[in-house]
Amino acid sequence: MAEPMICAALQPVICGFINETGVPAATAKRFSSFACIKSNHKLLRKARENLQATRKVVQGQVDLETNHLNECDPRVNLWLRRVASVRVDSIDQEYDRLMQSSWLCRSILGLGKRYRLGKHIVQMLENIAELIEEGNQFKTFASKRLPDFVEERPRTQTFGIKPVLRDLWKSFERTDVSIIGVWGPGGVGKTTLLNNFNNELKARGRDYQVVIMIEVSNSRTLNKTAIQRTITDRLGLPWDDRETEEARARFLMKALNRKRFVILLDDVWNKFQLEDVGIPTPDSDSKSKLILTSRNVDACYQMGAQQSLIKMEYLEKEAAWELFRSNLSTQAITAIDSTGPNNVVKEYADAIVQSCGGLPLALKVIGSAVAGLTAPRDWILAMQATKHDIKDLDGIPEMFHKLKYSYDKLTPTQQQCFLYCTLFPEYGSISKDQLVEYWMAEELIPQDPNRGHRIISRLLSACLLESCGSDSEVKMHHMIRHLGLSLAVQQKIVVKAGMSLEKAPPHREWRTARRISLMYNDIRDLGLSPECKDLVTLLVQNNPHLDRLSPTFFQSMYALKVLDLSHTRITELPFCSTLAKLKYLNLSHTFIERLPEEFWMLKKLRHLDLSVTKALKETLDNCSKLYKLRVLNLFRSNYGIRDVNDLNIDSLRELEFLGITIYAEDVLKKLTNTHPLAKSTQRLSLRHCEQMQSIQISDFTHMVQLRELYVGSCLDLIQLIADQDKGRASCLEVLTLARLPALQIIHIGSSPHHFRNLLEITVSHCQKLHDITWVLKLDALEKLSICHCHELEQVVQETINKVDNRRGGIERGTIQRYGRINGSSEEQETHGMVEDANNGHVNGYQNKTENEWIKGTHHVNFPKLRTMVLTDLPKLTTICNPRDFPSLEMIRVEGCPRLITLPLGQMYDCPKLKQICGSYDWWEKLEWNVKEIMENKYFIPIRDGD
């Protein structure tokens, strides 16, 4: 009891002496650390607990970001290492020893030890307090990894290409060589070589600023647009469909001239001018490189690869055998490797490998086809099939004979589905859903989409189709496609897709054809009356100048089941009563004005697409008589339902997908009021609904599949209400509000509301909107586009508040340096010790609450917003207050002269930002701090005339 009494007596005297004599602050700090060692040690324990709590919050956020493949912020990483280095165990041990010693040692003999320990405790308190404060300041914990200068290509096991890869590197490293040509037969592995070289470039360092691999495949025509699209995407530049190929090429030339690049051109068939697609010709001064592959050595010469040519030969026997075995099952390999005296399987397998002649593609495809064979009889049949000479396929290269065995292994249905894929152009990808719709319409498969997707999986596993970057698309290797084309001749299939045709094929090619593809051409007139009584499929889409069909064009197409005329300029459909077997008709994005009077006779029609038919005036009530329709799409068509009595398509009992345009509010009410068609409606367009002043999304609850809503030219519409969704979750993902001059109010109720799953919003020509603050409630929003809203002053209207550093966290007492709790030490609370001139704080130290130490959770607006487009907004001055945009990748600003600041805050508030698009004039007016944050490298100028 003696020690507390003496301390209680001494501390007021010591502290009073400090105050009265005006002892310097440093001296006061030393006395405080000595006298208040016990309370300071308690504070140290609390500070350590709070630091660990802060570390858990920060580490949790880092783990969440890294799980999404983002990269930890270096500052956060450094902070975590500093926290991990904090050690207070030695302080605790020394404190315990001091407290366990005799009172005499603590009072007299241990004064020096007490002083040093107290000083150490205070220093540790300061360090921990700084760490806690720093941890609470983090707003962003990770950022999207910067795009690599090389986009990694698929990695596959390779056989026999190491020698040619070494030769390619030797040529590449020569300073006097800028263009390198690699040539060899199709399927020999040129693409695989480029893929491996591309990936090795990534591993060897960043000597180049960008590496771009482009599939050319210009066997007949050069797809300049596809090449330009690839370059644009790799450079991170915006794409504009309105721009001409020539203007785009000039812009890409300027962009590439600023970089040291490597261009890899795969499968060049014919010479073309690099400048025509936007590629500068590399030379020794630019230090850029171009590598091309071709089947024709002359093409390499013509493209400028005279100084460095590399020929790819077929695989040697050992490499060919290894590649073949790599595609076999374990059981097949066991059968081959069997040591029995009469093992003929090895002999047959070896004969198959030899018949492939070292062609990697043939080895891979045929290896997959025989992967599961084990019985000798099956192997001998396979060997005989690969050796068979197909004489009736005149002119087909020898390798097709080898590849055909894989095709023969398919069922007849799978074979027909495979051949259907050849109808698409050589370049580009093929939509899986579109394929399946065609197959069902032609009755290749039952009316079961799942069956179609299983066939696609089978073709993928047989290496007859290849995967793309998108899960919804596939593509076909050019060699496999040529195999398919050679077989298609026997199946009476005429393929003229993507050949830049300006005229239709001659009559003789129509006469016996079963399928004809004329898609992606420049045909302007189909004025012929072809005799084609066996024609089942006719694909003419994407002929942008086609505006006329002969009045008797369909007169002999009695067997036609699939007809696609989308993305053409046709204004009318010829007499079509002969199309009694038609099941699929696509007229979307055409200028057709009305359906023929006899259209109702197409009784077997199951899929009718009339979406975005801007000139369609009349259907003559034909749609309601097509009782087998499964898909009817009139979304954003000029034709719509204007009278409640016109909504008479409830007879379509089999309808699964309905896209519809409505012109009257009473029609909308009828459709939404438990109408049988409501459950099928997936796309809804409301246009010119007179006297409709309000739309309430909750009225659409019976449209359980509604995914897209377009509201346009409803001149009396004042408000749109998305109230609380108390029922089934809304499926609505896309919303467009266009030409609504009276619209003033968009109200969104409390969550969960009907807009909670919206991914994309477009607001256009809404002149009474001064802001669209309601978008703050759309947590799923990915794209926001606002254009031609001339009264819009702010995107989000907010009060600009002063920054409040306090953040919500775990409540606790204040941590006071130098032994203060809530403004006073334990001893001072007991004895009424000092209050200095700094508001009662020793040494002027400010109290810090827990809210200032530990960053709590807070709601982030726009958590998923990736794209923001602002166009022609003359009064716009503000987007919103500075805030975090964790997912934002692109901002495009055009025609917004008063917008001179962006709400970006610090750069790390937008970790995924790639580009800011705007004019040079606007960029120059932008506030200097934003440009400083961007460091100009994110700015992409909008081209003249955009």
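Rules of the game
Residues numbered from 1 in each chain as written. Predicted model: local features only at pLDDT ≥ 70, side-chain atom pairs only at ≥ 80, totals over all residues. Heavy atoms only, no water. Helix = DSSP H or I, 4+ residues; strand = E, 2+ residues; numbered from the N terminus. Phe/Tyr/Trp six-rings, centres within 6.5 Å; stacked < 30°, edge-to-face > 60°. Buried < 20%, exposed > 50% of the residue type's maximum accessible area, 1.4 Å probe, protein only. Lys NZ or Arg CZ within 6 Å of the ring centre and 35° of its normal. Pairing = 2+ DSSP bridges. Axes fitted to C-alpha atoms, helices over the stretch in contact; angles between N-to-C directions. Contact = heavy atoms within 4.5 Å. Parallel < 35°, antiparallel > 145°, perpendicular 65-115°, else oblique. Left-handed = near helix turned anticlockwise from the far one by under 90°. Nonpolar A, V, L, I, M, F, W, Y, C, P; charged D, E, K, R; others polar. pLDDT = per-residue confidence, 0-100. Polar contact = N/O pair within 3.5 Å; in protein donor to acceptor, adjacent residues only side chain to side chain. Salt bridge = Lys/Arg side-chain N within 4 Å of Asp/Glu carboxyl O. Patch = residues over 30% accessible without salt bridge, like charges linked within 9 Å, V, L, I, M, F, W, Y side chains within 5 Å. Areas by Shrake-Rupley, 256 points an atom, 1.4 Å probe, with all protein chains shown as cover. Lys, Arg positive; Asp, Glu negative; His and termini not counted. Charge placed at Lys NZ, Arg CZ, Asp CG, Glu CD.

Going by what an unreviewed UniProt entry lists, the protein is known as AAA+ ATPase domain-containing protein and is assigned to Urochloa decumbens.

Leave glycine aside and you will find that most residues have negative phi; peptide bonds, for their part, are mostly trans. Of note in the backbone geometry, aspartate 267 takes a positive phi value of approximately 65° without being a glycine. By the element assignment, aspartate 267 lies in the loop between β5 (261-266) and α12 (274-277). Positioned with a positive phi, serine 713 is a non-glycine residue whose angle comes to about 55°. Positionally, serine 713 belongs in the loop between β21 (708-712) and β22 (719-722).

By the definition in use, this model includes 14 aromatic pairs. Note on tyrosine 407 and phenylalanine 418: the rings are 5.8 Å apart at their centroids and 55° apart in plane angle, and the pair reads as tilted. Here tyrosine 407 is found in helix α19 (residues 398-408), whereas its partner phenylalanine 418 is found in helix α20 (residues 412-421), with eleven residues between them in sequence. The class of phenylalanine 418 is buried, set by a relative accessible area of 0%. Every member of this aromatic cluster is reached through a ring pair, and the members are Trp169, Phe172, Phe197 and Tyr208. When the ring centre of tryptophan 169 is taken as reference, the NZ or CZ atom of arginine 204 above it lies at 3.6 Å. In this arrangement the basic side chain of arginine 260 is found over the ring face of tyrosine 208, its NZ or CZ atom lying 5.9 Å from the centre.

Here we take up the sheet that holds strand β6 (residues 289-294). The strand order across the open sheet built from five strands is β4-β5-β6-β3-β7, with neighbouring strands paired in parallel fashion. The sheet terminates laterally at β4 (210-215) and β7 (309-311), the two strands that pair on one side only. Between one strand axis and the next, the sheet turns by 15° as a mean value, whatever way the strands run. Across the sheet, helix α8 (residues 162-172) lies against β3 (179-183), β5, β6 and β7, angled at about 175° from β7, the strand it touches most.

Attention now moves to the packing of α8 against helix α9 (residues 190-204). One way to put it is that α8 packs onto α9 with a least axis distance of 11 Å and a crossing angle of 55°. When the interaxial angle is binned, α8 and α9 end up oblique. Like other packed secondary-structure pairs, α8 and α9 cross with a definite hand, here right-handed. In this structure, α8 uses Val164, Leu165, Leu168, Trp169 and Phe172 to contact α9, whose residues at the interface are Leu193, Asn196, Phe197, Glu200, Leu201 and Arg204. A per-class count over the contact of α8 with α9 returns eight nonpolar, one polar and two charged.

All right, on to the packing of helix α14 (residues 317-326) against helix α17 (residues 360-369) then. Helix-helix packing: each pair is described by the crossing angle between the helix axes and the interaxial distance. Where α14 meets α17, the closest approach of the two axes is 8 Å, and the angle between their N-to-C directions is 30°. As the angle between them shows, α14 and α17 are arranged roughly parallel. The element α14 and its partner α17 pack so that their crossing is right-handed. Contacts from Ala320, Leu323 and Phe324 in α14 reach Pro360, Leu363, Ile366 and Gly367 in α17. Residues belonging to the contact of α14 with α17 are distributed by class as follows: six nonpolar, one polar and no charged.

In space, the three strands of this open sheet follow the order β8-β10-β9, with antiparallel pairing throughout. Both edges of this open sheet fall to β8 (430-431) and β9 (466-467), since each of them pairs with a single strand only. Relative to strand β10 (residues 473-475), β9 runs antiparallel, the two sharing two bridges. Looking at the pairing, serine 467 lines up with valine 474 of β10.

Confidence along the protein averages 81 in pLDDT terms, with 82% of residues attaining 70 or more. Per-residue pLDDT stays below 50 along residues 1-13; that stretch engages in ten contacts with residues further than four places along the chain or on separate chains. Ignoring residues within four places in sequence, the model shows residues 800-858, a span with pLDDT below 50, making 120 contacts including any to other chains.

Relative to the helices and strands, glutamine 331 is located in helix α15 (residues 330-337). Exposure remark for glutamine 331: the relative accessible area of 52% places this residue in the exposed category. Along the backbone, glutamine 331 and glycine 372 are 41 residues apart, and their C-alpha atoms lie at a distance of 6.9 Å.

Take the side chain of threonine 293 next. Counting through the fold element by element, threonine 293 comes out in strand β6. Among the polar contacts made by the side chain of threonine 293, one reaches the side chain of aspartate 266 at a distance of 2.6 Å. Looking at threonine 293, its side chain comes within polar contact range of the main-chain nitrogen of aspartate 267, at 2.8 Å. Threonine 293 has contacts with Val182, Lys190, Leu194, Leu265, Asp266, Asp267 and Val268, leaving out every residue within four places of it along the chain.

Let us look at the pattern of salt bridges. Scanning the model with the defined rule gives 28 salt bridges in all. The closest approach of N and O atoms between arginine 75 and aspartate 73, which form a salt bridge, is 2.8 Å. A salt bridge links glutamate 134 to arginine 82; its shortest N-O distance comes to 2.9 Å. Taken as a pair, glutamate 134 in helix α7 (residues 111-137) and arginine 82 in helix α4 (residues 74-84) lie far apart in primary sequence, 52 residues in all. Glutamate 134 gets classed as partly exposed once you look at its relative accessible area, which sits at 29%. Judged by its relative accessible area of 32%, arginine 82 falls in the partly exposed class.

Taken together, the side chains of Asp621, Asp643, Asp646 and Asp666 define an acidic patch exposed on the protein surface. For aspartate 666, the position within the fold is in helix α25 (residues 665-672). In this structure aspartate 666 comes out as partly exposed when scored by relative accessible area, which is 42%.

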